Amino acid sequence: MKPALDRTHDSKVQSWVESANVAGSDFPIQNLPFGVFRRRDAGAEPRVGVAIGDRILDLAGLRSEGLLAGDRAAAGLRLAADACASNALNALMALGTAPRRALRERLHAMLRHDAPASDRQAASRYLVAQADVDMLLPAAVGDYTDFYASIFHATNVGRLFRPDNPLLPNYKFIPIGYHGRASSLVATGTPVRRPSGQTREGDAEPNFGPTRALDYELELGFFVSAENRLGETIPIGEAEEHIFGICLVNDWSARDLQAWEYQPLGPFLAKSFATSLSPWVVTMEALAPFRAPAFARAAGDPAPLPYLFGQSDRERGGLDLWLEVSLLSVRMREAGIAPAVLGRSNFRDMYWTMQQMLTHHASNGCNLRAGDLLASGTASGADKTARGCLLELTARGQNPVTLPTGEQRKFLEDGDEIILQGFCERDGFRRIGLGSCRGTILPASPA
Ligand code: MN
């Protein structure tokens, strides 16, 4: 793992796209996240773009005129530019780190305040207002895997079910995960229909109907970059090279369905009805200034087994990233009340790093493909204000949350909107953000 701070991280550099220089913008020139957008005009096609301020730079458009990588461009940059002529980021993801970094450097040079006039003129013809587009899923995700990497989440949830023995014995050895469902990943803004399923209360007969314990999960997702072949593993020291970047993930969950169905094989229909993603993928390059030591294990905790232990992973494998979840009810929206923050946590508090999750996933020879999505599991911290789902926050509905309107929530109601946000900040660097991931609950389908 390289420190990899370069001129693209220089906090003094501004962009000629003025909105990128506004304090608090998620998308200053130091960020440059990739996404897939579609103009709202009839017949518009999905296109790869990069966010800058409140605009999007249309990379496919720039590339079509040879403006991204001319004849004399290095091979890596040409490869990356060609990969942007697509309706998804998979091709760019498959190229791995070096071409992606070359493209970032090219975009930075084009968008900085002192860019050559020719670059500025070319790029300004391919700027689109974010307000004029719909954001789509960033990649065609072949497989989605969800982990359980917060020891605070695992302990809080475990305590609800096993007060004397909250944490199972495998937790400190294995990054626990399960195979999720890729087909029901949805882009931010897509409404989420309340699912129906089997539940059982106490010893009563099982029942089929709409969930009464609908929950969100505040998670961080990361996309696989260069793939490993079937039968090959990914050493922890190389794991970073296989990660493209990160986004926000809301892993909606029906707790009553989950409680009845999950033994002995784990989550199934309680999770697979929908998972929402934020649209902008913030690259590992953009995150370089915000890397942090991995979680400090308590005295007496086992060291990770050797295949999960890397010196640079220990020193810089963590990520100092704030995550936040808010709720906006129908009544709050009607009254013009701002969304209420329900939880705020930091990704530094995750027990396992992204690299450990990825290395573990491939440790049996399972091939991870470009565009696969791995998610962290609910990101909770030690503090009561740092709980990433209602199951934890309300102790399975025992302690309802009170909203600014006086409404109470044990679990989500129809019409509730959940908003996830994330950002990194550190003295001496520009703050960068992940944008947001939104979803509103629709009533269950009529039986
Ligand atoms: Mn989850």
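The present account deals with the structure reproduced in this document.

The rules behind each value
- Residues numbered from 1 in each chain as written.
- Predicted model: local features only at pLDDT ≥ 70, side-chain atom pairs only at ≥ 80, totals over all residues.
- Heavy atoms only, no water.
- Core = buried A, V, L, I, M, F, W, Y, C linked by side-chain atoms within 4.5 Å.
- Buried < 20%, exposed > 50% of the residue type's maximum accessible area, 1.4 Å probe, protein only.
- Helix = DSSP H or I, 4+ residues; strand = E, 2+ residues; numbered from the N terminus.
- Pairing = 2+ DSSP bridges.
- Expected span 1.5 Å × (residues − 1).
- Polar contact = N/O pair within 3.5 Å; in protein donor to acceptor, adjacent residues only side chain to side chain.
- Contact = heavy atoms within 4.5 Å.
- Phe/Tyr/Trp six-rings, centres within 6.5 Å; stacked < 30°, edge-to-face > 60°.
- Lys NZ or Arg CZ within 6 Å of the ring centre and 35° of its normal.
- Donors = N, O, S within 2.8 Å, 3.2 Å for Na, K, Ca; no water.
- Salt bridge = Lys/Arg side-chain N within 4 Å of Asp/Glu carboxyl O.

**Some points on the nonpolar core**
A general feature of soluble globular proteins is that nonpolar side chains tend to end up buried together.
Here's step 1: Ranked by internal contacts, the top residues of the largest apolar core, which has 60 residues, are I246, L319, L321, L358 and L412.
Here's step 2: Residues V13, L32, L77 and L111 belong to the second largest nonpolar core, which totals 48 residues.

**Structural notes on the pairing of strand β6 (residues 144-147)**
Here's step 1: Every second residue of β6 is oriented toward a common face, with Y144 and D146 on one face and T145 and F147 on the other, all of them buried.
Here's step 2: Judged from the three bridges that link them, β6 and strand β7 (residues 177-179) form a sheet pairing that is antiparallel. Considered in β7, the bridge of T145 is made with H179.

**Considerations on helix α4 (residues 97-111)**
Here's step 1: The terminal C-alpha atoms of α4 lie 21 Å apart, and with 15 residues this matches the ideal 21 Å at 1.5 Å per residue to within 8%.
Here's step 2: For α4, the set of buried residues is T97, P99, R100, L103, R104, R106, L107, H108, M110 and L111.

**Details of the side chain of E324**
Here's step 1: Position of E324 among the secondary structure elements: in strand β20 (residues 322-328).
Here's step 2: At 2.7 Å, the side chain of E324 and the side chain of R344 are in polar contact.

**Describing helix α6 (residues 151-161)**
At 3.6 residues per turn, the α-helix brings residues three or four places apart onto the same side.
Here's step 1: Buried within α6 we find I151, H153, A154, T155, N156, V157 and G158.
Here's step 2: Buried residues belonging to α6 abut α12 (390-393).

**Focus: the packing of aromatic side chains**
Here's step 1: Inspection of the entire model under this criterion finds eight aromatic pairs.
Here's step 2: Here the aromatic rings of F290 and F429 are separated by 6.4 Å at their centres, their planes lie at 65 degrees, and the arrangement is edge-to-face. Of this pair, F290 sits in the loop between α8 (284-287) and β18 (291-292) while F429 sits in the loop between β25 (417-424) and β26 (432-442), and the two are 139 residues apart along the sequence.
Here's step 3: Here a set of aromatic residues connected by ring pairs shows up, and it is made of Y148, F152, Y171, F295, Y351 and W352.
Here's step 4: Seen from the ring of W352, R297 lies directly overhead, with NZ or CZ sitting 4.7 Å from the centre.

**So, the coordination of the manganese ion**
Each pair of donors in an ideal octahedron of six around a metal sits at 90 or 180 degrees, and each pair in an ideal tetrahedron of four sits at 109.5 degrees.
Here's step 1: Looking at the manganese ion, one finds its protein donor set to be D146 (OD), E217 (OE), E219 (OE) and D251 (OD), positioned 2.1 to 2.2 Å from the metal centre.
Here's step 2: Within one chain, the residues donating to the manganese ion are spaced in sequence as D-x70-E-x1-E-x31-D. You can see E219 sitting in strand β13 (residues 218-224) and its partner D251 sitting in the loop between β14 (243-250) and β15 (253-254), a full 32 residues away along the chain.
Here's step 3: Note on E219: relative accessible area 0%, which makes it buried.

**Some remarks on the environment of P293**
Here's step 1: Structurally, the position occupied by P293 is in the loop between β18 and α9 (311-316).
Here's step 2: Among the residues examined, P293 registers a relative accessible area of 43% and is labelled partly exposed.
Here's step 3: Along the primary structure P293 and E315 are separated by 22 residues, whereas in three dimensions their C-alpha atoms are 4.4 Å apart.

**A short note on the sheet that holds strand β21 (residues 340-346)**
Here's step 1: Taken in spatial order, the five strands make up an open sheet running β9-β26-β25-β20-β21, and their pairing is mixed. The open sheet has two edge strands with one neighbour each: β9 (192-193) and β21.
Here's step 2: The pairing of β20 with β21 spans six bridges and is antiparallel. Bridging across to β21, S326 finds its partner in V341.

**Examining the environment of L214**
Here's step 1: One can find L214 in strand β12 (residues 214-215).
Here's step 2: Taking relative accessible area as the criterion, L214 reaches 0% and is therefore assigned buried.
Here's step 3: Taking the C-alpha atoms as reference, L214 lies 9.3 Å from I441; in sequence the two are 227 residues apart.

**A closer look at the pattern of salt bridges**
Here's step 1: For the structure shown, the criterion picks out 26 salt bridges.
Here's step 2: Note that D143 is salt-bridged to R369, the shortest N-O span being 3.0 Å. Taken together, the residues D143 in the loop between β5 (133-135) and β6 and R369 in the loop between α11 (354-362) and β22 (373-375) connect sequence positions 226 residues apart.
Here's step 3: A relative accessible area of 40% places R369 in the partly exposed class.
Here's step 4: Here R438 and E417 are joined by a salt bridge, their closest N and O atoms 3.2 Å apart. One end of the pair, R438, is in strand β26; the other, E417, is in strand β25, and 21 residues separate them in sequence.
Here's step 5: On the basis of relative accessibility, which here comes to 34%, the residue R438 falls in the partly exposed class.
Here's step 6: Among the ionic contacts, a cluster of salt bridges with common partners joins D215, E217, D251, R255 and K271.

Take it as geometry only, folks, not as evidence of what the structure does.
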